[in-house]
Amino acid sequence: MGTDIHLFAEVKRNGVWVCTEELRAPAADEESAPAEVPRARDFDRHYTAFAILAGVHAETRTQAPTIPISFPRGLPTDCSEPLVRYYKWFGSHAHDSSWLSLRELTEFDWDGHKVLGRGFVPRGVAEASGTELGREPWYISETGAHHGPSESSTTGVEVTWTETYREAFGKTRLDEFLHSLQQLGSVDSVRIVFWFDS
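Some words on the nonpolar core
Generally speaking, a soluble globular protein has its nonpolar side chains buried in company with each other.
Piece 1. Counting residues in each nonpolar core, the largest one holds 30 residues, and the members touching the most others are Leu 53, Leu 105, Trp 110, Phe 177, Ile 192 and Phe 194.
Piece 2. Broken down by secondary-structure element, the contributors of at least two residues to this core are β1 (4-13), α1 (47-54), α3 (102-107), α5 (165-169), α6 (171-182) and β11 (190-197).
Piece 3. Per-element accounting of this core gives the leading share, six residues, to α1.
Piece 4. Those residues within four positions of Ile 192 in sequence are excluded, and the remaining contacts are Leu 7, Phe 8, Ala 9, Leu 53, Ser 98, Trp 99, Leu 100, Leu 105, Phe 177 and Leu 181.
Piece 5. Counting 12 residues, the second-largest nonpolar core is a separate cluster that includes Cys 19, Cys 79, Val 84 and Phe 90.

Here it is in structure tokens:
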């Protein structure tokens, strides 16, 4: 079982925060959820992004904890109603709820902060690339699947790497994410609201 993020954008209109995400019918595994729930933005299980945004999984595959933009602040007191209802539906499964303004995201020094990564890769990958790397190593397994380093291994070789937060988040992914938020409004009228469940 892993950790998932549920991340949504809100925009302030006439002094009220409004969820900008499309409403959808609950999924089959969301029994007793509200009749309509907001569609979360797709973040996969990008644990490094979770650590950067809120310190969640800050010690997963790292040599030192990743320092977040902000530690969790809880849901905003003026959060939009669809998000409040959906969050309450998660109950005790939801944790580390927080929010970040578009200003915080755009003014953050993505290139000045570093992730000190640590993980394990197959011996052949380590022999081909070395064990002290400039970025997180990804490789193609014998089955053709793309893999990153694992947290632990009985047969793999430990590797370390250093990346800027921008590189670790994914430069293209970050640029697209920030651009999508900037399309919604000014830096002080847009924010993301999110929580995790494990």
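Overview of the environment of Gly 15
Piece 1. Position of Gly 15 relative to the elements: it lies in the loop between β1 and β2 (16-19).
Piece 2. For Gly 15 and Phe 90, which are 75 residues apart along the polypeptide, the C-alpha to C-alpha distance reads 27 Å.

Comments concerning the sheet that holds β2
Piece 1. The strand order across the open sheet formed by four strands is β2-β1-β11-β5, and the pairing between neighbours is antiparallel. Taken across any chain shown, the strands that pair with only one partner, and hence form the sheet edges, are β2 and β5 (94-101). Strand-to-strand twist in this sheet, taken as the mean axis angle between neighbours without regard to direction, amounts to 30°.
Piece 2. Strand direction decides the pairing type here: β1 and β11, joined by eight bridges, are antiparallel. What sits directly across from Val 11, in β11, is Val 190.
Piece 3. Contacting β1, β2, β5 and β11, helix α2 (residues 81-90) crosses the sheet at an angle of about 10° to β11.

Thresholds, definitions, all that
- Residues numbered from 1 in each chain as written.
- Predicted model: local features only at pLDDT ≥ 70, side-chain atom pairs only at ≥ 80, totals over all residues.
- Heavy atoms only, no water.
- Core = buried A, V, L, I, M, F, W, Y, C linked by side-chain atoms within 4.5 Å.
- Buried < 20%, exposed > 50% of the residue type's maximum accessible area, 1.4 Å probe, protein only.
- Helix = DSSP H or I, 4+ residues; strand = E, 2+ residues; numbered from the N terminus.
- Contact = heavy atoms within 4.5 Å.
- Pairing = 2+ DSSP bridges.
- Axes fitted to C-alpha atoms, helices over the stretch in contact; angles between N-to-C directions.

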